[in-house]
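What the coordinates show
Residues per chain, in single letters:
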Amino acid sequence: MDVCFKGVSYQYETNQAKSYKALQEISCSMPDGSFTAVIGKTGSGKSTLVQLLAGLLEPTTGSVLVKGHALHEDQSQLLRAQIGYVFQYPEHQLFAETVYEELAFGLKLAGEHKDHIDQRIEDIMKVVELESEILQRSPFHLSGGQMRRVAIAAILMMKPKLLLIDEPTAGLDPQLKEGMMKVFQRYKKQENATIWMVTHSMNDVALYSDHCIALEAGRLVHAGKTRDVLQSGHVPLPQTMAFAKALMKHQHRPPFLKNTEELVGWITSSWLKEKENEPNG
């Protein structure tokens, strides 16, 4: 689902005398099927931007367009039904007595037939890599990583075409973090979904996103393809690119390097050869 922000500002009313401008005149667009990372320091407006896209907030000025339709118009209910939002620590939203009931709740509420619900549960358990044996267990008796996957699976059960995820790997160790990001990649490929991810991890930005929006103090710093944003010089660098920049002694912008394998490849194929060709190399 393609997304467009047109002159969007949002102001929090703290009391009758004071207000706080969380976003100011944001204009950008991201294509259908993209994986967009939203980055910036704490307080830059990242979560506010995504909450506007989720329909949880309404712009003070400007408009948010999804598939060319204004998200906050009265007739946008069907559009909003295609948007899923994974909050930070989604496991805090678990409530049902069993994992099965947790996953089935949304589709039961929508009046879906049990056979369809059971098939959907079978499919989504594969996406989040959970065994069917836990379906009759209490979600509160699972490990922390399993609880988070169940909570995410409950959202994916509704097949959102636009999935919003806010710091999805917060509190997870590196192995669980990688596994969680693979869940989103798998879902994106399977459903041809569009994903927006709020994150502080520049490494995740480089590894998983193809588009990026950088915010600072409520204003747009840069938006576009991840490669271009990370090479712009306006945002913090992932560890691989920061290391490359240090090797280059800040003479040039570092190349776009997603992981350590690409870093090693760049060092051996380009950087070392350049050093050998230097006059005093």
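The sections below set out a description of the structure shown in this document. Here the structure is a predicted model, which means the values were calculated and not measured.

Attention now goes to the sheet that holds strand E1 (residues 3-13). The four strands are arranged E2-E1-E4-E5 in an open sheet whose pairing can be described as antiparallel. Here the strands that pair on one side only, and so sit at the sheet edges, are strand E2 (19-30) and strand E5 (69-70). Bridging between E1 and strand E4 (residues 61-66) involves five bridges; their strand directions are antiparallel. Bridge pairing in E4 places Lys6 opposite Ser63. Its contacts with the sheet put helix H1 (residues 46-54) on E1, E2 and E4, and the angle it makes with E1 is roughly 115°.

Moving on, we come to the side chain of Asp166. Inspection of the secondary structure assignment puts Asp166 in strand E7 (residues 162-166). One buried charged residue, Asp166, remains without a salt bridge, the closest side chain of opposite sign being Lys46 at 7.2 Å. Within the local environment of Asp166, its side chain forms a polar contact with the side chain of Ser47, the two groups lying 3.0 Å apart. Among residues more than four places away in sequence, those in contact with Asp166 are Ser47, Tyr85, Val86, Phe87, Gln88 and Val198.

Here is what the cut-offs are and how they apply
Residues numbered from 1 in each chain as written. Predicted model: local features only at pLDDT ≥ 70, side-chain atom pairs only at ≥ 80, totals over all residues. Heavy atoms only, no water. Pairing = 2+ DSSP bridges. Helix = DSSP H or I, 4+ residues; strand = E, 2+ residues; numbered from the N terminus. Contact = heavy atoms within 4.5 Å. Axes fitted to C-alpha atoms, helices over the stretch in contact; angles between N-to-C directions. Buried < 20%, exposed > 50% of the residue type's maximum accessible area, 1.4 Å probe, protein only. Lys, Arg positive; Asp, Glu negative; His and termini not counted. Salt bridge = Lys/Arg side-chain N within 4 Å of Asp/Glu carboxyl O. Polar contact = N/O pair within 3.5 Å; in protein donor to acceptor, adjacent residues only side chain to side chain.

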